[in-house]
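Survey of secondary and tertiary structure
For reference, the chains in residue letters:
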Amino acid sequence: CVWDIAYFKNKLKLALIGQSLFGQEVYSHLCKEGHRVVGVFTVPDKDGKADPLALAAEKDGTPVFKFPRWRVKGKTIKEVAEAYKSVGAELNVLPFCTQFIPMDVIDSPKHGSIIYHPSILPRHRGASAINWTLIMGDKKAGLSVFWADDGLDTGPILLQRSCDVEPNDTVDALYNRFLFPEGIKAMVEAVQLIADGKAPRIPQPEEGATYEGIQKKENAEISWDQSAEVLHNWIRGHDKVPGAWTEINGQMVTFYGSSLLKSSVPPGEPLEIKGAKKPGLVTKNGLVLFGNDGKALMVRNLQFEDGRMIPASQYFSAGETSVVELTAEEVKVAGTIKVIWAGILSNVPVIEDSTDFFKSGASSMDVVRLVEEIRQRCGGLQLQNEDVYMATKFEDFIQKVVRKLRGEDQEVELVVDYVSKEVNEMTVKMPYQCFINGQFTDANDGKTYDTINPTDGSTICKVSYASLVDVDKAVAAAKDAFEKGEWGRMNARERGRLMYRLADLLEENQEELATIEALDSGAVYTLALKTHIGMSVQTFRYFAGWCDKIQGSTIPINQARPNRNLTFTKKEPLGVCAIIIPWNYPLMMLAWKSAACLAAGNTLVLKPAQVTPLTALKFAELSSKAGFPKGVINIIPGSGGVAGQRLSEHPHIRKLGFTGSTAIGKQIMKSCAVSNLKKVSLELGGKSPLIIFNDCELDKAVRMGMGAVFFNKGENCIAAGRLFVEESIHDEFVTKVVEEIKKMKIGDPLDRSTDHGPQNHQAHLEKLLQYCEAGVKEGATLVYGGRQVCRPGFFMEPTVFTDVEDHMYLAKEESFGPIMVISKFQNGDIDGVLQRANNTEYGLASGVFTRDINKAMYVSEKLEAGTVFVNTYNKTDVAAPFGGVKQSGFGKDLGEEALNEYLKTKTVTLEY
């Protein structure tokens, strides 16, 4: 047992000196590791509330001492020193301490004292280290655990950890993402190193050492004659304490939620700011500010001198809200909320209209408690933390709650911060942020990544990179929309109406969507228009029609005589569903899964492929315009390893639909099973065989065979991974194929005459080239292609291999690219070629070309695949179920069967 090994390592008797939730977590983790905390020394209760560290220790029965100070006039207080020495600590651990601890206490234990500091010492010594890390624009942040000495953060280093500073990190973001969780681990590791006698003492260098004083409100005023980045760093470095401020219209206004503006400046109303050379702009997204370098930043929230906080976008309308009269039912809700406030503000004798939540002693943890208690006790009313910060006085808070209850607090208009491009004779407007709970928003940690145009390798734009926090927010929004929102109460026909409206919007915007698909995935525009977008429209229309036709059945059962029974079944939605889609058909794969999911009445969180997120985000915008309630559809761009893995593990998700590789599918299935046994459907890899008999219509077989391989640049899940051509027509077939390939135009996917565009991304192109190299090394004959096209971008020549034997890599593994793999079979050997075709672990699709209907029926019966094409290929339809067998997965997209993937059956039996 790993726990046993850890527990019986060398252990120490510890004194914890400090406070805060961080101190509590360090205490708890040290106890779990088997160390003995012999005493906790913390601050006295404030307003009748004990510090979190004291609460945890008292609960465990650990001795707790609450001293207001340790010394008077430079001398240690005798009673305090005696109490400290009585616990017999071997090491002092100071996770976060605001008190001055005398040196005789610091040096008293056998191993001395260690302290946590939130910077990479010797840089940013002092109490405002995190603030100054951001204010100075450091690219790296970090933490140090050091040995205490008589200097100010000057003791020898025991260990350090570092992380990158993201462009829009605030103090809170940096602390929550890294300094808090990694700081806990570092303190525990440091104690164990000391216990094992392995802890280093590395003297701090003086080179690079800095000391900055505590940032207070009076010195946090913004100096405007600086670049946008410097202004941004100043504002975020003071967010939320003490808050960077400026003077507007004669009063102090504090700025929160700063981000550098990556796109063009949106239109807005000018706002004069004292000291700024250029007025700010109040826009629908926030307040835009300008640096002296001409670049811009945006702040989301403003706070006035009286403590009132508002969205910056509402600056000019902030005072226009009238007081609403409460109904009898709303008065009851207000009474319940007053009881909740009284429970949190236990030091306040009476909660009055003028009682201020924060001025009465509440902290950020109390905000979380307030929001959660209101949700539990007020019928599921869902507030956001920002609602508390925006209305801190009780009277104002009740007004905000009532407006929320009445639906008056909803966003009037979806705010979209586009990246715009003039391309394909149109202006393409592309959202690039996460879409969560009906709003586009940056990733929680501000992290972004580049999405690349495969035609030339250039960056299209930066896209939000969803974190675990974003995934959890999206799932919570979807869960709330399903359980408490309008969607869960909506009748099926109304649900269908919304889906029809969405299909109409997809069709109205098909040229823009096809252009985005060409830019982001390399799809040939004409194909994107017909298939990528066209079939997406058809899919939503098809499933919109199913919404009010999902039915159970009545079942005759043995009667419980003398009574009678009625038994019937109901088809019900599962709840929150996760959908993870691939990069080859970004919008179409979204439509195939999400349309059935929504028609069944579920809510969804969808992760597009990391390399092709843009049409999914445009889809999110259109879904909002169609009228889908917030939280029903959530789109989180990012990596499979972070966002995708979290979705597969999330306990509130009831179904996961995935299209991708078999290897990842297996990992997802395992995570879904281990987490909460969520329902899964998987559409995975394929090595689809296409058998061409000598009695076929040869020219059609050549044309269709090429489509089976080269359609969508070969990036096609059902692509014919291996062609079996009957010996007597083999050579002629190959000759005709090569002749046709030479006629294909390779080029810009936006050119209407292009036949073959770039591969989706560079890593995939390199994999395809390696695939060809493997084929040549094994002895297959490279008849045509096999090389990268000499031009910018990720273009590959259509490729043909012959003489491919069954044992070769090319015969077994999927290329997912424009590579035709041809094997010949003996004339008349139907059963032999069937055995070879089925000798694969995959079973997604297959095909046969023959004029003999009996042969066609026999072969289609024997082929082990989810789909068999006869004298055609790639002919999928929204009404026909689609999915694989064996290691190509299970479950169906499209058709009525797809609905069952997103429904559960409930049996009801009653007696009468």
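Treat the numbers as computed from the prediction; the structure is a model and nothing was measured. (Residues numbered from 1 in each chain as written. Predicted model: local features only at pLDDT ≥ 70, side-chain atom pairs only at ≥ 80, totals over all residues. Heavy atoms only, no water.)

1. Thoughts on the overall build of the protein chain
Basically, it comes down to this: In this description a helix means any DSSP run of H or I spanning at least four residues, a strand means any run of E spanning at least two, and both kinds are numbered starting from the N terminus. Restricting the calculation to C-alpha atoms gives the radius of gyration, and the globule rule supplies 2.2 Å times the number of residues raised to the power 0.38. Throughout, exposure labels follow a simple rule: accessible area from a 1.4 Å probe, protein chains only, divided by the maximum for the residue type, with under 20% read as buried, over 50% as exposed, and the rest as partly exposed. In this description, contact between two residues means that some pair of their heavy atoms is separated by no more than 4.5 Å. The method behind every accessible area is Shrake-Rupley, applied with a 1.4 Å probe, and residues are considered shielded solely by the protein chains displayed. His is not counted, nor are the chain ends, whereas Lys and Arg count as positive and Asp and Glu as negative. In this description, the location of a charge corresponds to atom NZ of lysine, CZ of arginine, CG of aspartate or CD of glutamate.
Each helix and strand counted, the protein chain has 28 helices and 40 strands in total. A globule of 912 residues ought to have a C-alpha radius of gyration of about 29 Å, and the protein chain, at 33 Å, matches this closely. Each principal axis of the C-alpha distribution contributes one length, and for the protein chain these read about 105 × 75 × 65 Å. For the protein chain, with 912 residues in total, the buried portion stands at 55%. Put simply, 70% of the contacts in the protein chain that link residues at least 6 apart link residues at least 24 apart. Here the protein chain has roughly 39300 Å² of accessible surface; of this, 50% comes from carbon and sulfur atoms. Of the charged side chains in the protein chain, 104 are positive and 115 negative; the average position of the first set lies 4 Å away from that of the second.

2. A short note on the pattern of salt bridges
We count it as follows: Any Lys or Arg side-chain nitrogen located within 4 Å of an Asp or Glu carboxyl oxygen qualifies as a salt bridge.
One pass over the full model with this rule turns up 40 salt bridges. With its nearest N and O atoms 2.7 Å apart, the salt bridge here joins Glu 373 to Arg 369. Here the residue Glu 373 and the residue Arg 369 both occupy positions in helix 10 (residues 364–377), the gap between them amounting to four residues, near one helical turn. On the basis of relative accessible area, Arg 369 is assigned to the partly exposed category, the value being 37%. As a salt-bridge pair, Lys 549 and Asp 548 come within 3.0 Å of each other at their nearest N and O atoms. The network of salt bridges with shared partners includes Lys 479, Asp 480, Glu 483 and Lys 484.

3. So, the nonpolar core
Our working rule: Residues grouped as a nonpolar core are buried Ala, Val, Leu, Ile, Met, Phe, Trp, Tyr and Cys residues, joined through side-chain atoms within 4.5 Å.
Counting residues in hydrophobic clusters, the biggest one holds 107 residues, and the most contacted among them are Met 499, Phe 540, Phe 628, Ile 692, Leu 723, Phe 733 and Met 820. The residues contacting Leu 723, other than those within four sequence positions of it, are Leu 690, Ile 692, Val 709, Phe 733, Met 820, Val 821, Ile 822 and Ser 823. With 39 residues, the next largest nonpolar core counts Tyr 116, Val 145, Trp 147 and Met 187 among its residues.

4. Some words on unusual backbone geometry
Omega for the bond connecting Leu 121 with Pro 122 falls within 30 degrees of zero, at 15°, which places this linkage in the cis form. Among the secondary structure elements, Pro 122 is positioned in the loop between strand 7 (113–117) and helix 6 (129–135). Phi angles above zero are rare outside glycine, and Asn 874 is one such case at about 65°.

5. As for the packing of helix 2 (residues 20–32) against helix 3 (residues 52–60)
The cut-off we apply is this: Lines fitted to C-alpha atoms define the axes here, with helix axes fitted over just the stretch in contact, and angles between the N-to-C directions of these axes take values from 0 to 180 degrees. Oblique is the label for every angle not falling under 35 degrees (roughly parallel), over 145 degrees (roughly antiparallel), or within 65 to 115 degrees (roughly perpendicular). When residues are sorted by character, Ala, Val, Leu, Ile, Met, Phe, Trp, Tyr, Cys and Pro go into the nonpolar class, Asp, Glu, Lys and Arg into the charged class, and all the rest, Gly among them, into the polar class.
The contact between helix 2 and helix 3 brings their axes to 7 Å, and the two run at 30°. For the element pair helix 2 / helix 3, the angle class is roughly parallel. Together, Ser 20, Leu 21, Gly 23, Gln 24 and Tyr 27 of helix 2 and Pro 52, Leu 53, Ala 56, Ala 57 and Asp 60 of helix 3 make up the contact between the two elements. Its residues assigned to classes, the contact of helix 2 with helix 3 shows six nonpolar, three polar and one charged.

6. Observations concerning a nonpolar patch on the surface
For the record, the criterion: Note that patches include only residues with greater than 30% relative accessible area and no salt bridge, and the join distances are 9 Å for like charges and 5 Å for nonpolar side chains (Val, Leu, Ile, Met, Phe, Trp, Tyr).
Side chains of Leu 566, Leu 910 and Tyr 912 sit close together on the surface and give an oily, nonpolar patch of about 280 Å² of accessible area. Its place among the elements puts Leu 566 in strand 24 (residues 565–573). Leu 566 sits in the partly exposed class, given a relative accessible area of 35%.

7. Here we look at the packing of helix 13 (residues 468–483) against helix 20 (residues 640–649)
Keep this limit in mind: A crossing counts as left-handed when the near helix is turned anticlockwise from the far one by less than a right angle, and as right-handed when that turn is clockwise.
Where helix 13 contacts helix 20, the axes come no closer than 9 Å and their chain directions differ by 40°. One way to sum up the angle between helix 13 and helix 20 is to call them oblique. Here helix 13 runs over helix 20; the crossing is right-handed. On the side of helix 13, the interface is formed by Leu 468, Val 471, Asp 472 and Val 475, while helix 20 contributes Val 642, Ala 643, Arg 646 and Leu 647. In terms of residue class, the contact of helix 13 with helix 20 is built from six nonpolar, no polar and two charged.

8. So, the side chain of Arg 125
Note the cut-off: N or O atoms within 3.5 Å of each other form a polar contact, as long as, within protein, one can give a hydrogen and the other can take it, and as long as residues adjacent in sequence are counted only when both atoms are side-chain atoms.
By the secondary structure assignment, Arg 125 is in the loop between strand 7 and helix 6. Among the polar contacts made by the side chain of Arg 125, one reaches the main-chain carbonyl oxygen of Asp 153 at a distance of 3.3 Å. The contacts of Arg 125, once residues within four sequence positions are left out, are His 117, Leu 152, Asp 153, Thr 154, Gln 204, Pro 205, Glu 206, Ala 209, Thr 210, Tyr 211 and Glu 212.

9. A word on the pairing of strand 31 (residues 720–726)
Heads up, the rule is: For two strands to be treated as a pair, DSSP must find no fewer than two bridges joining them. Orient the strands so they point away from the viewer; a crossover is then right-handed if the path from the first strand over the helix to the second runs clockwise.
With seven of its seven residues buried, strand 31 lies for the most part within the structure. Pairing of strand 30 (residues 688–692) with strand 31, which is carried by five bridges, proceeds in the parallel orientation. Its bridge partner lying in strand 31, Leu 690 is registered against Leu 723. Taking the sense of rotation as the criterion, the β-α-β connection linking strand 30, helix 22 (residues 698–710) and strand 31 turns out right-handed. Two strands pair when backbone bridges link them, and strand 31 and strand 34 (residues 819–825) are joined in this way by four bridges, in the parallel orientation. Its bridge partner lying in strand 34, Val 725 is registered against Lys 824.

10. A closer look at the packing of aromatic side chains
Centre distance and the angle of the planes are the two values used to describe a pair of aromatic rings. Worth spelling out the cut-off: Under the pairing criterion, centres of Phe, Tyr and Trp rings, with the six-membered ring standing for Trp, must be within 6.5 Å; the plane angle then separates stacked pairs below 30 degrees from edge-to-face pairs above 60, leaving the rest tilted. Working rule: Lys NZ or Arg CZ, within 6 Å of ring centre, within 35 degrees of ring normal, means a charge sits over the ring.
For the structure shown, the criterion picks out 27 aromatic pairs. On the numbers, 4.6 Å between centres and 40° between planes, the contact of Phe 22 with Tyr 116 is tilted. Here Tyr 116 lies in strand 7 and Phe 22 lies in helix 2, a separation of 94 residues in the sequence. Judged on exposure class, the residue Phe 22 and its partner Tyr 116 are both buried. Ring pairing ties together the aromatic residues Phe 41, Phe 65, Phe 67, Trp 70 and Tyr 84, which thus form one cluster. Across from the ring centre of Phe 290, 4.0 Å away, lies the NZ or CZ of Lys 278, which sits over that ring. Just above the ring of Tyr 902 sits the side chain of Lys 655; from NZ or CZ to the centre is 3.8 Å.

11. A short note on the sheet that holds strand 7
Read across the open sheet, the seven strands follow the order 3-2-1-6-7-8-9; overall the sheet is mixed. What marks the edges here is a single partner per strand, and that holds for strand 3 (64–66) and strand 9 (157–164). Across the sheet, the axes of successive neighbouring strands diverge by a mean angle of 15°, strand direction being ignored. Packing against the sheet, helix 3 makes contact with strand 1 (13–17), strand 2 (36–42) and strand 3, and its axis sits at approximately 150° to strand 3.

12. Section: the environment of Glu 715
Position of Glu 715 relative to the elements: it lies in the loop between helix 22 and strand 31. For Glu 715, the residues in contact, after removing those within four places along its chain, are Trp 583, Asn 584, Tyr 585, Gln 759, Asn 760, His 764 and Phe 816. Within the structure, Glu 715 has its side chain in polar contact with the side chain of Gln 759 (distance 2.8 Å).

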